[in-house]
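Coordinate inspection notes
In case you want the letters, here they are:
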Amino acid sequence: MSRRQFLARSLSAVLASLFARGVFAQHAGHSMPDMPDMDDMPGMSGTQHAEPSVKKTSPVTLASPDALPKGAPLADLRKLPNESRERGFFRATLIAEPVSREVLPGLPTTFWQYNPANGDTTHGPFTGPLIDVREGDTVEIRFVNRLPQPSTIHWHGLPVPPDQDGNPANMVAPGATHVYRFTLPAGSAGTYWYHPHPHMMSAEQVFRGLAGPIIVRAADDPLAGWPERTLFFSDLRLASDGSIPPNDLMDWMNGREGQFVLVNGALRPRITVVEDERWRLWNACSARYLRFSLGDKQRFAQVGTDGGLLEKPRDGLTELLLAPGERAEVIVRAGDAPSEATLTAEVYDRRKMAMSHGSLPPDPARALAAVNYQPLAGASERAIPATLRTIMSLGAPVARKSVVFSESMDMAAMHRPGASARGMPAGMKFMINGATFDPERVTLTSRRNEVELWSIENRTDMDHPFHLHGTQFQVIERERGGAKIPEPYLAWRDTVNVQPDEIVRIATVQNTAGERMFHCHILEHEDLGMMGTLKVI
Ligand code: C2O
Ligand code: CU
Ligand code: CU
């Protein structure tokens, strides 16, 4: 076999298999006609093996999955202090900055953290502080960017004005300060989060640690008296030297998953439940799906989604899937006798693509936290109100929109020398309506206050969580193989998973003119351009 053939073969084996069921499958096993001569490419001459411009596997040695201390009592999240004394006003500072912390003994890790002004930055969870606010509050956050990169803060799920929502167009330069200001309308109570949104840098900024929770509370919350627990799930990859390694080709393709899933910044914490509790769950992982369970015997009730309470509790659940970006509220009961359970991420097959043909096997189940039930003597089960609130259907749509997810691989682009910007493989495309994100292009246009029916169709080989900014939507139905499955209950969401060959239909309305983003919430896909601009007029 000639060297050229060998190169072409090993490359086609890698690349064709990336999208084995796509247009490149036909290249497998024979040489590619349009390949540039590999000898012309820097770093390619005289070696026995060929590599795409982004390495297919990471040379990084990872820290052991047991390297972090585990089993400590679940830490509360840090709270962002309100610098204002004024009623109805929440004013605070968030500084995004590199902070060196020793999470592996003797091996400092540089995280990128959101910190309050004058806060203790090296103790407690590195997760961004909790912004705990009320409906009607005016929120003013001074963002100080001490990162080596431009950034923004996006208020995921909140109905903030478009120019306050941290769009990629509104970058805050390194060293600069920007004040975000918005008022939380009535009905906005729910479980939200904030994270950076610069184009092509969101994935890195989040995997280095930038993300934090937001709770908006209602004055008439029927569950206000319940003990509440916040569980903010994030994903972390650490190299054995304590560094946070960059993304490799597989990360860009499937989204990054680290060897650690953390709860409020800690590995497998211990939760002691002495009475019935309300839990808020955030899936703030870049790409990991979390199919929660507490085991077969420990049933729980879902009482809320991204945008707040459901109308009626969904009781008797044994599992709940949260795609990246999604949140939920659940009721966990203490029971009537001491017992133990493991909060587990059960196996979920999101059909990650493999380097060889087909898909990767799903990840095995993973323990997230140990739960210890120690019911207080004499405590009896607390009744969940039968009606939590009223959710009105958005009503008949007056316009329709279509969003189609697709994928493709352009091998010539992938092999152009220097083709990988920021370590991102050029040519690996995840698209919306046939194109990757272009800041100059409006993908869709909507009219203010018009209810629209959006159909979101996934023509790729893997799951993608669809997310729309600036509003909460209602899932109407899911269509699979021609069968339409109406959504069984009304709920407010801003993120919804779409499986391969599935069409999800949502009702949605935007109330403010300006530009809104919509995208896949696997952050690597978002950075690769699986994002569009909705212009609201
Ligand atoms: Cu969680 Cu566009 O974002
Ligand atoms: Cu968002
Ligand atoms: Cu995606």
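Look up: the structure comes first, before these words.
Calculation notes
Residues numbered from 1 in each chain as written. Chains lettered and ligands numbered in written order. Predicted model: local features only at pLDDT ≥ 70, side-chain atom pairs only at ≥ 80, totals over all residues. Heavy atoms only, no water. Helix = DSSP H or I, 4+ residues; strand = E, 2+ residues; numbered from the N terminus. Buried < 20%, exposed > 50% of the residue type's maximum accessible area, 1.4 Å probe, protein only. Contact = heavy atoms within 4.5 Å. Areas by Shrake-Rupley, 256 points an atom, 1.4 Å probe, with all protein chains shown as cover. Donors = N, O, S within 2.8 Å, 3.2 Å for Na, K, Ca; no water. Polar contact = N/O pair within 3.5 Å; in protein donor to acceptor, adjacent residues only side chain to side chain. Pairing = 2+ DSSP bridges. Axes fitted to C-alpha atoms, helices over the stretch in contact; angles between N-to-C directions. Salt bridge = Lys/Arg side-chain N within 4 Å of Asp/Glu carboxyl O. Core = buried A, V, L, I, M, F, W, Y, C linked by side-chain atoms within 4.5 Å. Domains from an automatic or database assignment. Phe/Tyr/Trp six-rings, centres within 6.5 Å; stacked < 30°, edge-to-face > 60°. Lys NZ or Arg CZ within 6 Å of the ring centre and 35° of its normal.

In this section: the overall build of the protein chain. When helices and strands are tallied, the protein chain shows five helices and 31 strands. Classification of the 537 residues of the protein chain by burial places 57% in the buried group. Across the protein chain, every contact between residues at least 6 apart in sequence was considered, and the portion connecting residues at least 24 apart equals 77%. Roughly 21,100 Å² of accessible area belongs to the protein chain as shown, and the carbon and sulfur atoms make up 51% of that amount.

Once that is clear, we can look at the coordination of the copper ion (ligand 2). Distances from the copper ion (ligand 2) to its protein donors, namely His154 (NE2) and His467 (NE2), fall within the range 1.9 Å. Separated by 313 residues along the polypeptide, His154 in strand 5 (residues 154-156) and His467 in strand 25 (residues 464-468) bring together distant segments of the chain.

Counting through the fold element by element, Arg208 comes out in the loop between helix 2 (202-207) and strand 8 (212-217). Within the structure, Arg208 has its side chain in polar contact with the side chain of Glu204 (distance 2.8 Å). Within the local environment of Arg208, its side chain forms a polar contact with the backbone oxygen of Ile244, the two atoms lying 3.3 Å apart. Leaving out residues up to four positions away in the same chain, Arg208 has contacts with Phe111, Trp112 and Ile244.

This part takes up the coordination of the copper ion (ligand 3). Within the first shell, the copper ion (ligand 3) binds the protein through His464 (ND1), Cys520 (SG) and His525 (ND1), at distances of 1.9 to 2.2 Å. For the copper ion (ligand 3), the single-chain donor residues occur in sequence as H-x55-C-x4-H. In this pair, His464 is assigned in strand 25 and Cys520 in strand 30 (residues 514-520), connecting sequence segments 56 residues apart. Taking relative accessible area as the criterion, His464 reaches 0% and is therefore assigned buried. You can call Cys520 buried: its relative accessible area is 0%.

With that settled, consider the sheet that holds strand 7 (residues 190-195). Strand order across the open sheet formed by four strands is 3-8-7-5, with mixed pairing between neighbours. Because the sheet does not close on itself, it has two edges, and the strands there are strand 3 (131-134) and strand 5. Direction aside, the axes of adjacent strands within the sheet are offset by 25° on average. When strand 7 meets strand 8, the two strands line up antiparallel, connected through five bridges. What sits directly across from Tyr192, in strand 8, is Ile214.

What follows deals with the pattern of salt bridges. Side-chain pairs of opposite charge can arise where the charged atoms are in close proximity. Under the definition given, this model contains 37 salt bridges. Between Arg333 and Asp315 there is a salt bridge; the shortest N-O distance is 2.9 Å. Here the residue Arg333 occupies a position in the loop between strand 18 (327-332) and strand 19 (339-346), and Asp315 occupies one in strand 16 (residues 308-317), the gap between them amounting to 18 residues. Owing to a relative accessible area of 14%, Arg333 belongs among the buried residues under this scheme. Overall, Asp315 belongs to the partly exposed group, its relative accessible area being 45%. Three or more residues are tied together by salt bridges with common partners; here these are Lys79, Asp132, Arg217, Asp221, Glu228, Arg278, Arg280 and Glu329.

A few words on the nonpolar core. With 35 residues, the main nonpolar core has Val403, Phe405, Met428, Trp454, Phe466, Ile506 and Phe518 as its most contacted residues. For this core, the leading source of residues is helix 3 (residues 249-254), giving four residues. Residue contributions to this core reach at least three from each of two domains, namely domain 2 (228-373) and domain 3 (399-536). If we ignore the near neighbours within four places in the chain, the residues touching Phe405 are Met431, Ile432, Ile456, Glu457, Asn458, Arg459, Thr460, His464, Phe466, Val498 and Met530.

This part is about the packing of aromatic side chains. Each aromatic ring pair is summarised here by two numbers: the centre-to-centre distance and the angle between the ring planes. Throughout the structure, instances matching the rule amount to 15 aromatic pairs. Summarising the aromatic geometry, the rings of Tyr114 and Tyr194 are spaced 5.1 Å apart at their centres and angled 55° between planes, so their arrangement reads as tilted. Of this pair, Tyr114 sits in strand 2 (residues 107-115) while Tyr194 sits in strand 7, placing them 80 residues apart in sequence. Judged by relative accessible area, which is 0%, Tyr114 ranks as buried. Tyr194 sits in the buried class, given a relative accessible area of 0%. Joined through ring pairs, the aromatic side chains of Tyr114, Phe143, Trp155, Tyr180, Phe182 and Tyr194 make up one cluster. Seen from the ring of Phe207, Arg256 lies directly overhead, with NZ or CZ sitting 3.5 Å from the centre.

Attention now goes to the pairing of strand 25. Among the five residues that make up strand 25, five are buried, leaving the element largely enclosed by the rest of the structure. Burial along strand 25 is two-sided: His464, Phe466 and Leu468 and Pro465 and His467, pointing in opposite directions, are all buried. Where strand 25 and strand 28 (residues 495-498) come together, four bridges link them in antiparallel fashion. The partner of Phe466 across the bridge, within strand 28, is Val496. Pairing between strand 25 and strand 30: three bridges, direction antiparallel. Bridge assignment links His467 to a residue of strand 30, and that residue is His519.

Pairing is mixed across the open sheet formed by five strands, whose spatial order is 23-31-30-25-28. Two strands bound the open sheet, and with one partner strand each, they are strand 23 (444-446) and strand 28. Sheet twist, expressed as the average angle between the axes of neighbouring strands with direction ignored, equals 25°.

This paragraph deals with the environment of Pro98. When you line up the elements, Pro98 lands in strand 1 (residues 89-104). Put simply, Pro98 and Thr109 are 11 residues apart on the chain and 9.7 Å apart in space, counted from C-alpha to C-alpha. Non-local contacts of Pro98, meaning those with residues more than four positions away in its chain, are made with Thr110, Phe111, Trp112 and Arg146.

Let's shift gears to unusual backbone geometry. With a phi angle near 50°, Asn433 is a residue other than glycine that sits in the positive phi range. Mapping Asn433 onto the fold places it in the loop between strand 22 (428-432) and strand 23. Residue classification places Asn433 among the partly exposed residues on the basis of a relative accessible area of 35%. You will see that Asn449, though not glycine, has its phi angle at about 65°, which is positive. When you line up the elements, Asn449 lands in the loop between strand 23 and strand 24 (452-458).

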